Amino acid sequence: MTNFRNQSHKLITSIQIQNLPNEHSEQQPKITLKWPPSPTLLLQIPHSLFKDSGYDHREALFGVPPYGGSIAQNVYYADSDLCDADVNTRGGYPAREADKDGKMKPWPSPYILMVDRGGCTFVQKVRNAQRSGAAGVVIADNTCLCSDQECTASNNGACETTEPIMADDGSGADISIPSFLMFKRDADAVKAELTSNRPVQIEMAWSLPSPDDRVEYDLWTVPSDQVSRDFLTSFKPVAEALGDRAYFTPHMYIYDGVRSHCQGNDGENFCYNLCTNNGRYCATDPDNDLDHGISGADVVRESLRRLCIWNHYGAEDGVGSVWWDYVREFMERCSSADYFANEDCVKDAYKHAKVEGTLIDRCMQDSGGLEKDTANAFLDIEIGSQAQRGVVVVPTAFVNTAAIRGALTVGNVFSAICAGYVQGTVPQICTMCSQCSDAVGCVKNKGKCSAHHGDSSSKGGVSTHTFFTTMLFIIGVFGGLGAWHYKKTREDMREQVRGILAEYMPLEDQDHQDSGGMMGSSPMNFAMQGGKTSLIG
């Protein structure tokens with residue numbers, strides 16, 4: 001298989017299908033997989049544990065890895081499960097010298113902390129390690145892989161078929177350090193060194209994924225997902241502006257019904273209308289009502305439809321304008337429970353998006369269909385890809401195989417794409433719009449940002465001269481209003497004083513006025529003079 005970047009026809013990122021079967025052929029599709037490289041886990045000290053290729057591991061789907069960098073520090077093994085927020089940093093291995101109070105000194109920062117699996121979630125362990133000052137975490141698995149016969153033999157045959165995925169439990173947004181899960185057999189060797197009070201140094205490294213003059217980005221979602229709705233209906237102008245400088249691949253998250261025991265040994269579907277192909281391919285029920293509304297099988301069908309539309313209208317150029325149009329039309333017309341599985345509504349979306357429906361229907365059948373207990377080539381690829389990539393949360397986006405942390409917004413994805421180019425090859429649209437708060441508006445305006453945060457002198461920004469002129473105008477207006485209000489208030493007070501004096505002061509004193517001063521002048525005359533005469537003399 002040729003390198004991905006040189007292929008002229010692609011189905012999905014790092015996966016190529018050849019010779020799809022059709023209704024007249026029983027030939028199975030030839031599938032070749034090429035998965036992206038994982039981060040590396042190296043043991044630098046002791047030399048006896050060093051491996052050129054590093055150690056197998058699983059990377060957490062939370063935390064912020066330093067892409068393009070590495071963390072190489074001494075390792076300390078915690079003698080607790082780290083499920084309690086009050087971490088004892090003076091315990092563990094290897095032993096340290098005592099301080100002046102006779103207590104063992106804390107783990108000297110920076111350090112990588114190793115802790116056993118179990119007792120609480122991965123997120124809780126890593127969070128507590130982060131609070132204790134760890135720069136990274138290696139969780140030692142406590143169960144052998146069934147494929148490791150030597151390990152299972154020494155552990156009474158207890159094993160698991162695959163390593164667990166270090167998924168986010170929904171609360172991992174505050175975690176900023178990386179973490180790995182190390183397989184039991186390897187972790188036991190490291191713990192043996194540490195508990196013998198010998199130093200161990202681990203390096204956790206992340207090479208920048210394939211930086212060059214073109215970026216690949218992927219999105220994992222399902223047709224019923226509401227979180228990705230705004231992104232899917234808004235990103236098309238950005239994808240078109242990036243053109244051949246970026247290659248997009250949509251993925252659909254499908255549950256493996258066989259592994260989930262939705263299919264019995266005789267091919268019976270045990271999961272009702274959540275699955276297709278007699279329980280092979282499943283999706284969750286969006287409205288949690290198995291008898292009404294959208295079913296899991298409806299979601300699987302629409303997922304396959306979108307994969308076929310991408311294969312015919314987007315796989316060649318990586319932009320897929322027609323695919324974006326179809327998704328937008330479907331969401332606007334058919335996303336409700338009444339129309340999600342309505343074939344007439346789908347045909348209407350085809351029409352407005354300029355999709356040839358017969359071509360897509362044939363693709364869905366040629367890939368294996370959804371009715372019988374047969375494998376579907378496209379859906380099998382999605383299941384294999386999501387397992388290898390470790391996708392457990394949707395929506396999830398990747399740029400150059402690196403997961404994007406944070407909210408799925410056009411701005412976040414666009415900024416990540418623009419950051420994925422090698423220096424000197426960044427497209428002009430990235431230079432003009434990647435820092436703009438309204439990336440779609442900037443792209444539509446051909447690079448004119450209406451709210452640019454990075455350059456006050458840009459065409460769409462507010463210049464310094466305009467800013468200060470506006471401020472002076474506002475100050476002048478409010479100053480004038482203040483002076484007018486002060487003058488008016490003073491006049492009103494004078495009028496009130498005149499009224500009071502006129503009502504309560506005797507008028508007969510007017511016959512005895514003394515024009516020379518207040519003593520011979522009536523209060524009324526004083527008030528009529530506007531208070532210009534001094535009351536003091």
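Provided above is the structure to which this section pertains.
Anyway, here's the lowdown on the structure attached to this text.

**Concerning the overall build of the protein chain**
Here's step 1: When helices and strands are tallied, the protein chain shows 15 helices and 18 strands.
Here's step 2: Taking all 537 residues of the protein chain together, the buried fraction comes to 43%.
Here's step 3: Restricting the contact set of the protein chain to residue pairs at least 6 apart, pairs at least 24 apart contribute 65%.
Here's step 4: Counting every atom, the protein chain has about 28200 Å² of accessible surface; 51% of that belongs to carbon and sulfur.

**Digging into the nonpolar core**
Here's step 1: With 72 residues, the main nonpolar core has Phe231, Phe235, Leu242, Trp323, Tyr326, Phe414 and Ile417 as its most contacted residues.
Here's step 2: When near neighbours in sequence (up to four residues on either side) are disregarded, Phe235 contacts Tyr217, Trp324, Val410, Val413, Phe414 and Ile417.
Here's step 3: Among the nonpolar cores identified, the runner-up in size contains 21 residues, and Phe62, Val123, Val126 and Leu181 belong to it.

**Brief notes about a nonpolar patch on the surface**
Here's step 1: The grouping of Phe467, Phe468, Met471, Leu472, Phe473, Ile474, Ile475, Val477, Phe478 and Leu481 at the surface amounts to a nonpolar patch, some 1100 Å² of accessible area in total.
Here's step 2: For Ile474, the location among the structural elements is in helix H14 (residues 464-504).

**Things to note about the state of the cysteines**
Here's step 1: Applying the stated criterion across every chain yields a total of ten disulfides.
Here's step 2: Here Cys146 is linked by a disulfide to Cys159, with a sulfur-sulfur distance of 2.1 Å. Where Cys146 bonds to Cys159 through sulfur, the torsion about that S-S bond is close to 85 degrees, and the disulfide is right-handed. On the criterion of sequence distance, the pair formed by Cys146 in the loop between strand S8 (144-145) and helix H2 (149-153) and Cys159 in strand S9 (residues 159-160) is long-range, its members being 13 residues apart.
Here's step 3: Note on cysteine connectivity: Cys275 is disulfide-linked to Cys282, with sulfurs 1.9 Å apart. Of note, the bridge from Cys275 to Cys282 carries an S-S torsion of about 100 degrees and is right-handed in sense.
Here's step 4: Residue Cys282 is classed as buried on the basis of its relative accessible area, which comes to 5%.

**Quick notes on the pairing of strand S11 (residues 201-205)**
Here's step 1: The buried count for S11 comes to four of five residues, which makes it a mostly enclosed element.
Here's step 2: Pairing of strand S3 (residues 40-45) with S11 involves five bridges; the strand directions are antiparallel. If you follow Ile45 over to S11, its bridge partner there is Gln201.
Here's step 3: With five bridges connecting them, strand S5 (residues 70-77) and S11 associate as antiparallel partners.

**Re the packing of helix H6 (residues 296-313) against helix H8 (residues 343-353)**
Here's step 1: It is at 14 Å that the axes of H6 and H8 come closest, and there the two elements cross at 20 degrees. With respect to each other, H6 and H8 are oriented roughly parallel. Relative to H8, H6 is oriented so that their crossing is right-handed. Contact residues: H6 offers Arg301, Arg305 and Ile309, while H8 offers Glu343, Val346 and Tyr350.
Here's step 2: Taken together, the residues of the contact of H6 with H8 sort by class into three nonpolar, no polar and three charged.

**Things to note about the packing of aromatic side chains**
Here's step 1: Taken as a whole, this structure holds 17 aromatic pairs when the rule is applied.
Here's step 2: In this structure an aromatic cluster arises from ring pairing among Tyr217, Phe231, Phe235, Phe248, Trp310, Trp323 and Trp324.

So, how was this worked out
Residues numbered from 1 in each chain as written. Predicted model: local features only at pLDDT ≥ 70, side-chain atom pairs only at ≥ 80, totals over all residues. Heavy atoms only, no water. Helix = DSSP H or I, 4+ residues; strand = E, 2+ residues; numbered from the N terminus. Buried < 20%, exposed > 50% of the residue type's maximum accessible area, 1.4 Å probe, protein only. Contact = heavy atoms within 4.5 Å. Areas by Shrake-Rupley, 256 points an atom, 1.4 Å probe, with all protein chains shown as cover. Core = buried A, V, L, I, M, F, W, Y, C linked by side-chain atoms within 4.5 Å. Patch = residues over 30% accessible without salt bridge, like charges linked within 9 Å, V, L, I, M, F, W, Y side chains within 5 Å. Salt bridge = Lys/Arg side-chain N within 4 Å of Asp/Glu carboxyl O. Disulfide = S-S within 2.5 Å. Pairing = 2+ DSSP bridges. Axes fitted to C-alpha atoms, helices over the stretch in contact; angles between N-to-C directions. Parallel < 35°, antiparallel > 145°, perpendicular 65-115°, else oblique. Left-handed = near helix turned anticlockwise from the far one by under 90°. Nonpolar A, V, L, I, M, F, W, Y, C, P; charged D, E, K, R; others polar. Phe/Tyr/Trp six-rings, centres within 6.5 Å; stacked < 30°, edge-to-face > 60°.

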